[in-house]
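# Tertiary structure, described
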Amino acid sequence: MDDGAGTTAPPLQTLSRGIRMLELLADAGEPLSIPAIASRLGLHRSIAYRILRTLEDHGLVVRDAAGAVELGPRMATLARAVSRDLQAAALPQLTAVANELSMTAFLAVLDRHDVVTLVTVEPTHAHASVAQRPGTRHPLASGAPGIAIQSVLTEAQWGMLPGEHARDEAAEARSRGYATSHDEVIVGLASVAVPVQTPGQPVAALAVVYVASDVDTARLGARLRDAAAAIEADLR
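This one's a predicted model, so the numbers in the text were calculated from it and none came from an experiment. (Residues numbered from 1 in each chain as written. Predicted model: local features only at pLDDT ≥ 70, side-chain atom pairs only at ≥ 80, totals over all residues. Heavy atoms only, no water.)

Estimated volume of the second largest pocket: approximately 310 Å³. For the lining of the second largest pocket, the elements supplying multiple residues, two or more each, are α1 (13-28), β5 (137-139), α6 (143-150) and β7 (189-196). Examining the composition of the lining of the second largest pocket, we find that three residues originate from one element, β7, more than from any other. (1 Å grid on protein atoms, 1.4 Å probe; cavity = no way out; pocket = protein on both sides within 12 Å on 5 of 7 lines; lining within 4 Å. Points joined across faces, edges and corners; volume = space filled by probe spheres on them. Helix = DSSP H or I, 4+ residues; strand = E, 2+ residues; numbered from the N terminus.)

Rendered as structure tokens:
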């Protein structure tokens, strides 16, 4: 980052560690003890404790009765402010798709080298569905949402992702209008995704995730394309 004087400012170590802790807790899916957090981040326990106390003071993390740490309610407030217009436009479409297809539907956005779930909707009347938590992230190179996003990235956008390369499946997704994957992000699960491109918003993908089975992916892709078109129209 340029410090305004033409030089590159070093990262703030404490801030960086705090952000890494939040990312760790988001990816964990369960409360973690302070020793576990310190160990996974390679920090002395006293340093981890001081940083967590600061995060706790701001409501970003909370501790349960056993002292284990998890993300706090303040994080949900912050998350709702991320791409607020995109989330608002996507939510009714996600709800319709989830209930029509009896599959979990979600919106994911490009975040540097990762794809991050922004908002998710599970079907109302399904006997069972796949959980897809907001904040879940996986590499751009893996999964249908990543392939769908790859299919619409411009040369300039690729230039901002050093080391990343388009998968062969991205060209196929561009041709047919949707991407598929199975057993990539989570073994046993499959996904279908389409890109969503709106002015002033990050490149995104609209997707469904389900237990891998013999389904008509073309039908799913067509339904998702209709939903993506409605979102894009709403944000023009």
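Still more to cover.
On the surface, Leu12, Leu15 and Ile19 cluster together into a nonpolar patch covering about 310 Å² of accessible area. By the secondary structure assignment, Ile19 is in helix α1. (Patch = residues over 30% accessible without salt bridge, like charges linked within 9 Å, V, L, I, M, F, W, Y side chains within 5 Å. Areas by Shrake-Rupley, 256 points an atom, 1.4 Å probe, with all protein chains shown as cover. Salt bridge = Lys/Arg side-chain N within 4 Å of Asp/Glu carboxyl O.)

This part is about empty space enclosed by the protein. Empty space left among the atoms is revealed by rolling a probe the size of a water molecule over them. Going through the model one piece at a time under the given rule, you end up with one cavity of 30 Å³ or more. The wall of the largest cavity is formed by Ile34, Tyr49, Leu52, Arg53, Glu56, Val61, Arg63 and Val69. Counting residues per element, the ones that place at least two in the lining of the largest cavity are α3 (45-57) and β1 (61-63). Split by residue class, the lining of the largest cavity holds five nonpolar, no polar and three charged. (Nonpolar A, V, L, I, M, F, W, Y, C, P; charged D, E, K, R; others polar.)

For the rest of this paragraph, the subject is the packing of aromatic side chains. One pass over the structure, following the stated rule, counts zero aromatic pairs. Directly above the aromatic system of Tyr178 lies the positively charged group of Arg176, at a separation of 4.5 Å from the ring centroid. (Phe/Tyr/Trp six-rings, centres within 6.5 Å; stacked < 30°, edge-to-face > 60°. Lys NZ or Arg CZ within 6 Å of the ring centre and 35° of its normal.)

With their axes 11 Å apart at the nearest point, α1 and helix α2 (residues 34-41) run at an angle of 115 degrees to one another. By the angle class used here, α1 and α2 are roughly perpendicular. Judged by the twist between their axes, the crossing of α1 over α2 is right-handed. Each of Arg20, Met21, Leu24 and Leu25 in α1 lies in contact with α2, whose residues at this interface are Ile37, Arg40 and Leu41. Grouping the amino acids of the contact of α1 with α2 by side-chain chemistry returns five nonpolar, no polar and two charged. (Axes fitted to C-alpha atoms, helices over the stretch in contact; angles between N-to-C directions. Parallel < 35°, antiparallel > 145°, perpendicular 65-115°, else oblique. Left-handed = near helix turned anticlockwise from the far one by under 90°. Contact = heavy atoms within 4.5 Å.)

A few words now on the environment of Thr117. Along the chain, Thr117 turns up in strand β4 (residues 114-121). The spatial distance from the C-alpha of Thr117 to the C-alpha of Ala228 is 16 Å, given a sequence separation of 111 residues. If near-sequence neighbours (up to four positions away) are discounted, Thr117 is found in contact with Phe106, Leu107, Ala108, Gln132, Arg133, Pro134, Gly135 and Thr136.

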